[in-house]
Amino acid sequence: MTEEHKETIFSSIIRKEIPADIVYEDELVTAFRDINPRAPVHILIIPNKLIPTVNDVTEDDELTMGRLFSVAKLLAKKEGISENGYRLVVNCGSHARQEVYHLHMHLVGGNDIGPMIC
Ligand code: DGP
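Note that this is a predicted model, so its numbers are computed, not measured.

1. Quick word on the sheet that holds strand β1 (residues 22–25)
Thinking step 1. Strand order in the open sheet formed by five strands is β1-β2-β3-β5-β4, and the pairing between neighbours is antiparallel. Whereas interior strands pair on both sides, the edge strands pair on one side only; in this sheet they are β1 and β4 (86–89). Ignoring strand direction, the axes of neighbouring strands in this sheet form an average angle of 15 degrees.
Thinking step 2. Across five bridges, the pairing between strand β2 (residues 29–33) and strand β3 (residues 41–47) is antiparallel. Across the sheet, residue Ala-31 finds its bridge partner in β3, namely Ile-45.
Thinking step 3. Docked against the sheet, helix α2 (residues 62–78) engages β1, β2, β3, β4 and β5 (105–109), running at close to 155 degrees with respect to β3.

Below you can see the structure in the form of structure tokens.
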């Protein structure tokens, strides 16, 4: 593992070494509630494989990247926010204020969330 591919706390969550409110998991992705929710529903959907940022995504990851969206859709329905809408956010790098260098999709909704909350 290179310095740029150093594990984060999210790898520990996937391995269940530290607690998290996991709402979905399969062979490609895991989803759990954000520790600092900025909306009534705030879930992070992450690849099980450590991909630090969008810049590190390769063709081999296309199935996993697609799964992030299909799980977002599934969870939005499950959480009851499909009809009124929600936002999916993926921050990449320092200018986007990415905090955790394990690629993650924020699923946020549950009220009118206004502009730019993640
Ligand atoms: P970002 O700025 O896009 O890198 O967002 C990182 C998010 O991860 C932030 O909303 C807070 C969340 N987060 C950080 N550490 C933990 C943790 O240990 N558990 C959970 N559930 N969420 C975390």
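Following the structure, the description resumes.
2. Quick notes on the site of the ligand
Thinking step 1. Around the ligand, a shell composed of 16 residues is seen, among which Asp-34, Arg-38, Glu-99, His-104 and His-106 lie nearest.
Thinking step 2. Note that an oxygen atom of the ligand is positioned 2.8 Å from one of the side-chain N or O atoms of His-104.
Thinking step 3. When residues of the shell around the ligand are traced back to their parent elements, those giving at least two are α1 (9–14) and β2.
Thinking step 4. Of the residues forming the shell around the ligand, the biggest block, three residues, is contributed by α1.
Thinking step 5. For the shell around the ligand, the per-class residue count stands at seven nonpolar, four polar and five charged.

3. Observations concerning the environment of Phe-10
Thinking step 1. The residue Phe-10 is located in helix α1 in this model.
Thinking step 2. Linking Phe-10 and Met-105, residues 95 residues apart in sequence, is a C-alpha distance of 12 Å.
Thinking step 3. Setting aside residues up to four positions removed in sequence, Phe-10 forms contacts with Phe-32, Leu-44, Ile-46, Val-100, His-102 and His-104.

4. Comments concerning the layout of surface pockets
Thinking step 1. Approximately 440 Å³ is the volume attributed to the largest pocket.
Thinking step 2. Lining the largest pocket are 22 residues, with Phe-10, Asp-34, Ile-35, Leu-44 and Val-100 positioned closest to its centre.
Thinking step 3. Those elements that provide at least two residues to the lining of the largest pocket are α1 and β2.
Thinking step 4. At three residues, the largest contribution of residues to the lining of the largest pocket is made by α1.
Thinking step 5. For the lining of the largest pocket, a count of residues per class yields eleven nonpolar, five polar and six charged.

Rules behind the numbers
- Along each chain, residues carry numbers from 1 onward, in the same order as the chain's sequence is written.
- Confidence filtering applies because this is a predicted model: local features only for residues at pLDDT of at least 70, side-chain atom pairs given and counted only at 80 or more, and all residues used for totals across whole chains, interfaces and linings.
- The side-chain figures draw on all heavy atoms in the structure; neither hydrogens nor water molecules are used.
- A pair of strands is considered paired only if DSSP assigns at least 2 bridges between the two.
- Here a strand is any run of E in DSSP of at least two residues, a helix any run of H or I of at least four, and the numbering for each starts at the N terminus.
- Note on method: axes are straight lines fitted to C-alpha atoms, helices fitted across the in-contact stretch only, with angles between N-to-C directions ranging 0 to 180 degrees.
- What makes two residues a contact is simply this: any of their non-hydrogen atoms within 4.5 Å.
- The rule for a residue being near a molecule or strand is that one of its heavy atoms must lie within 4 Å of it.
- We define a polar contact as two N or O atoms separated by no more than 3.5 Å, with the added condition that, inside protein, one atom must be a possible hydrogen donor and the other a possible acceptor, whereas residues neighbouring each other in sequence contribute only through side-chain atom pairs.
- In this classification, Asp, Glu, Lys and Arg are treated as charged, Ala, Val, Leu, Ile, Met, Phe, Trp, Tyr, Cys and Pro as nonpolar, and every other residue, Gly included, as polar.
- We place a 1 Å grid over just the protein atoms. Points where a 1.4 Å probe fits but has no way out form a cavity, open points with protein on both sides within 12 Å along at least 5 of 7 lines form a pocket, and any residue with an atom within 4 Å of a point lines it.
- Grid points are joined across faces, edges and corners, and a volume is the space filled by probe spheres set on the points.

Keep in mind these values describe shape, not function.
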